[in-house]
Amino acid sequence: MIEMENINLIKQIAEDIALLKRSLSDSNAKRWLNVKEVAEYLGYSKDRIYKIKDQYLIEGIHFHNQTGKILFDRVAIDSWVVGKETDETHQSRRQVVDNILLSVRKVS
């Protein structure tokens, strides 16, 4: 049974559901996002996205920059946000560490 005072909330709930549906369809429609789009998707500024890219993300996994335009892989970004590494991400990080260790050994 619906309380009479809650009937006024039905219109707002319907509007919120419609907004959520639009938001979900917009974010799921594109896999590849530019800097502005990934900033909006994550709720960060574009400057913050550049800092995150430089500090935490791996080129070839989380983003690609082959033509001078950075494109982020939304699927890889989602995995990074929730802290899940794919096998490919783990292998790529391991390769970076191995390359650094190899270069240090060559200098020594």
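See above for the structure.
This report concerns the structure included in the present document. Here, residues in each chain are numbered from 1, in the same order as that chain's written sequence. Local features are withheld for residues below a pLDDT of 70 in this predicted model, meaning they are given only at 70 or higher, and side-chain atom pairs are given and counted only at 80 or more; totals for whole chains, interfaces and linings count all residues. Excluding hydrogens and water, the side-chain values take into account all heavy atoms of the structure.

To continue, consider the sheet that holds strand S3 (residues 71-73). Here, a strand pair is defined by DSSP locating no fewer than two bridges between the strands. Runs of H or I in DSSP of at least four residues are treated as helices and runs of E of at least two as strands, each being numbered from the N terminus. The sheet built from 3 strands is open, its strands ordered S1-S3-S2 with antiparallel pairing. The open sheet has two free edges, formed respectively by strand S1 (32-33) and strand S2 (63-64), since each of these has just one partner strand. Sheet analysis places S2 next to S3, joined by 2 bridges and oriented antiparallel. Looking at S3, one finds that His-64 is bridged to Leu-71.

A word on helix H2 (residues 35-42). Buried residues of H2: Val-35, Val-38 and Ala-39, and no others. Taken down its axis, H2 places every buried residue within 105° of arc, on the same side. Across from the buried face of H2, at angles greater than 90 degrees, the exposed residues are Lys-36 and Glu-40. Each element contacted by the buried residues of H2 is listed here: S1, helix H3 (46-56), S3 and helix H4 (74-81). At the C-terminal side of H2, Gly-43 shows a positive phi close to 80°. Remark: exposure states derive from per-residue accessible area (1.4 Å probe, protein chains only) relative to the maximum for the residue type, with buried under 20%, exposed over 50%, and partly exposed in between. Of all possible arcs, the one meant is that of the directions from the helix axis to the C-beta atoms. Residue contacts are defined here by distance: any two heavy atoms, one from each residue, within 4.5 Å place the two residues in contact.

Now for empty space enclosed by the protein. In the cavity and pocket records, a cavity denotes points on a 1 Å grid over the protein atoms alone where a 1.4 Å probe fits but cannot get out, a pocket denotes an open set with protein on both sides within 12 Å along at least 5 of 7 lines, and lining residues are residues with an atom within 4 Å of a point. Grid points are joined across faces, edges and corners, and a volume is the space filled by probe spheres set on the points. Counted according to the given criterion, the structure contains 1 cavity of 30 Å³ or more. Computed from the structure, the largest cavity encloses a volume of approximately 30 Å³. What lines the largest cavity is Val-38, Leu-42, Ile-49, Ile-52, Leu-57, Phe-72, Ile-77 and Trp-80. Taken together, the elements giving at least two residues each to the lining of the largest cavity come down to H2, H3 and H4. Across the lining of the largest cavity, the residue classes break down as 8 nonpolar, no polar and no charged. For this scheme, ten residues count as nonpolar: Ala, Val, Leu, Ile, Met, Phe, Trp, Tyr, Cys and Pro. Four count as charged, namely Asp, Glu, Lys and Arg, and the remainder, Gly too, count as polar.

Turning next to H4. All buried positions along H4 are accounted for by Arg-74, Ala-76 and Ile-77. The buried residues of H4 occupy one face: seen down the axis, they fall within an arc of 160°. In the segment just after H4, Gly-83 is the residue with positive phi, at about 85°.

Glancing now at the pattern of salt bridges. For side chains bearing opposite charge, pairing can occur when the charged atoms are close. By convention in these notes, a salt bridge is any Lys or Arg side-chain nitrogen within 4 Å of a carboxyl oxygen on Asp or Glu. Scanning the model with the defined rule gives 4 salt bridges in all. Between Lys-53 and Asp-54 there is a salt bridge, with its nearest N and O atoms 2.9 Å apart. Residue Arg-74 pairs with Asp-78 through a salt bridge whose shortest N-O separation is 3.4 Å. Note that Arg-74 and Asp-78 are positioned in helix H4 at a spacing of 4 residues, about one turn of the helix. A relative accessible area of 11% means that Arg-74 is categorised as buried. Using a relative accessible area of 27% as the deciding quantity, one classes Asp-78 as partly exposed.

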